[in-house]
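What the coordinates show
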Amino acid sequence: KRIIVVIAILLIVLFVISVARKAVVHEEDLTEEQKVQLAEAKKEQAIIDDLAGMEERDRIEYYFGEFIRNIELDNYADSYKVLNKEFKTTYFSTQEDFVTYVNAHFPNEIAVEYNNIERNGNTYILWIKMTNALTVDKTSGRAMNVVIRENAVHDFELSFSVEK
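Everything numeric in this text was worked out from a predicted model, so none of it was measured.

1. Notes on the sheet that holds strand E3 (residues 142-152)
Strand order in the open sheet made by the four strands is E1-E2-E3-E4, with antiparallel pairing throughout. Of all the strands in the sheet, just strand E1 (110-120) and strand E4 (155-160) have a single pairing partner and so form its edges. Taken pair by pair, the neighbouring strands of this sheet meet at an average axis angle of 25°, ignoring direction. Contacts from helix H3 (residues 56-72) reach E1, strand E2 (123-132), E3 and E4, with the element oriented near 140° to E1.

Next comes the structure, spelled out in structure tokens:
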């Protein structure tokens, strides 16, 4: 009777292993598009894992830094898509409006000094000073408030004080 139980357990284990092996995705069986999507998903998960391990202030500074990096790389679409919907409606109804504003009010090479960060629930208010990273005189620049709402790790929306 004991041998029958052991054989049954072994058969179940072999069956589970067989099913698990078939469920594993083999990268060589994927199309190029699927490989790109898989790589992007792995990259995003690695970022989320890194951010989840960060201190709160570091994570919020990372979000704003990502927003600024996208602007510096002329990747305006990614910066535009993280803007708060109401903020977009009020100030930048189109991405072109946003790009025009950024080109007029942000330096080409941006340095950010974080003066203060306060939290209210999942909303963070940053007091920053934005200067031209290539300028020796760091006393000039633009003081700005930034509001970041963190919905989840690496899921945030942003708004900032707008100069007319």
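Following the structure, the description resumes.
2. Side note on H3
In an α-helix, one turn spans 3.6 residues; hence positions three or four apart end up facing the same way. Spanning 17 residues, H3 covers 24 Å between terminal C-alpha atoms, matching the ideal 24 Å at 1.5 Å per step. Within H3 the residues assigned to the buried category are Arg59, Ile60, Glu61, Tyr63, Phe64, Gly65, Glu66, Phe67, Ile68, Asn70 and Ile71.

3. Some points on the environment of glutamate 157
Along the polypeptide, glutamate 157 turns up in strand E4. Other than its neighbours up to four places away in sequence, glutamate 157 contacts Val82, Asn84, Val147, Ile148, Arg149 and Asn151. A distance of 2.5 Å separates a polar atom in the side chain of glutamate 157 from a polar atom in the side chain of asparagine 84.

4. A look at unusual backbone geometry
One non-glycine residue, aspartate 74, lies in the positive phi region at around 60°. Examined against the element boundaries, aspartate 74 turns out to sit in the loop between H3 and helix H4 (76-81). Residue class for aspartate 74 comes out exposed when judged on its relative accessible area of 53%. The backbone of histidine 154 sits at a positive phi, close to 65°, despite the residue not being glycine. Looking at the secondary structure, you find histidine 154 in the loop between E3 and E4. Histidine 154 sits in the buried class, given a relative accessible area of 15%.

5. Details of the nonpolar core
With 31 residues, the main nonpolar core has Phe64, Phe67, Phe98, Phe106 and Phe160 as its most contacted residues. Tallying contributions element by element places H3 first for this core, with six residues. What phenylalanine 64 contacts, discounting residues up to four positions off in sequence, is Val112, Tyr114, Leu126, Ile128, Met144, Val146, Ile148 and Leu158.

6. Remarks on helix H6 (residues 95-105)
By the burial criterion, the buried members of H6 are Phe98, Val99, Tyr101 and Val102. Taken around the axis of H6, the buried residues stretch over an arc of 165°, which confines them to a single face. Facing away from the buried side of H6 by over 90 degrees, the exposed positions are Glu96, Thr100 and Ala104. As for H6, its buried residues are in contact with H3, H4, E3 and E4.

7. Topic: a nonpolar patch on the surface
Where nonpolar side chains cluster on the molecular surface, the patch consists of Ile3, Ile7, Leu11 and Leu14 and spans about 430 Å² of accessible area. Summarising the element assignment, leucine 11 is placed in helix H1 (residues 2-23).

Thresholds, definitions, all that
Residues numbered from 1 in each chain as written. Predicted model: local features only at pLDDT ≥ 70, side-chain atom pairs only at ≥ 80, totals over all residues. Heavy atoms only, no water. Pairing = 2+ DSSP bridges. Helix = DSSP H or I, 4+ residues; strand = E, 2+ residues; numbered from the N terminus. Axes fitted to C-alpha atoms, helices over the stretch in contact; angles between N-to-C directions. Contact = heavy atoms within 4.5 Å. Expected span 1.5 Å × (residues − 1). Buried < 20%, exposed > 50% of the residue type's maximum accessible area, 1.4 Å probe, protein only. Polar contact = N/O pair within 3.5 Å; in protein donor to acceptor, adjacent residues only side chain to side chain. Core = buried A, V, L, I, M, F, W, Y, C linked by side-chain atoms within 4.5 Å. Arc of directions from axis to C-beta. Patch = residues over 30% accessible without salt bridge, like charges linked within 9 Å, V, L, I, M, F, W, Y side chains within 5 Å. Areas by Shrake-Rupley, 256 points an atom, 1.4 Å probe, with all protein chains shown as cover. Salt bridge = Lys/Arg side-chain N within 4 Å of Asp/Glu carboxyl O.

It is worth stressing that arrangement in space is one thing and function is another; only the former is reported here.
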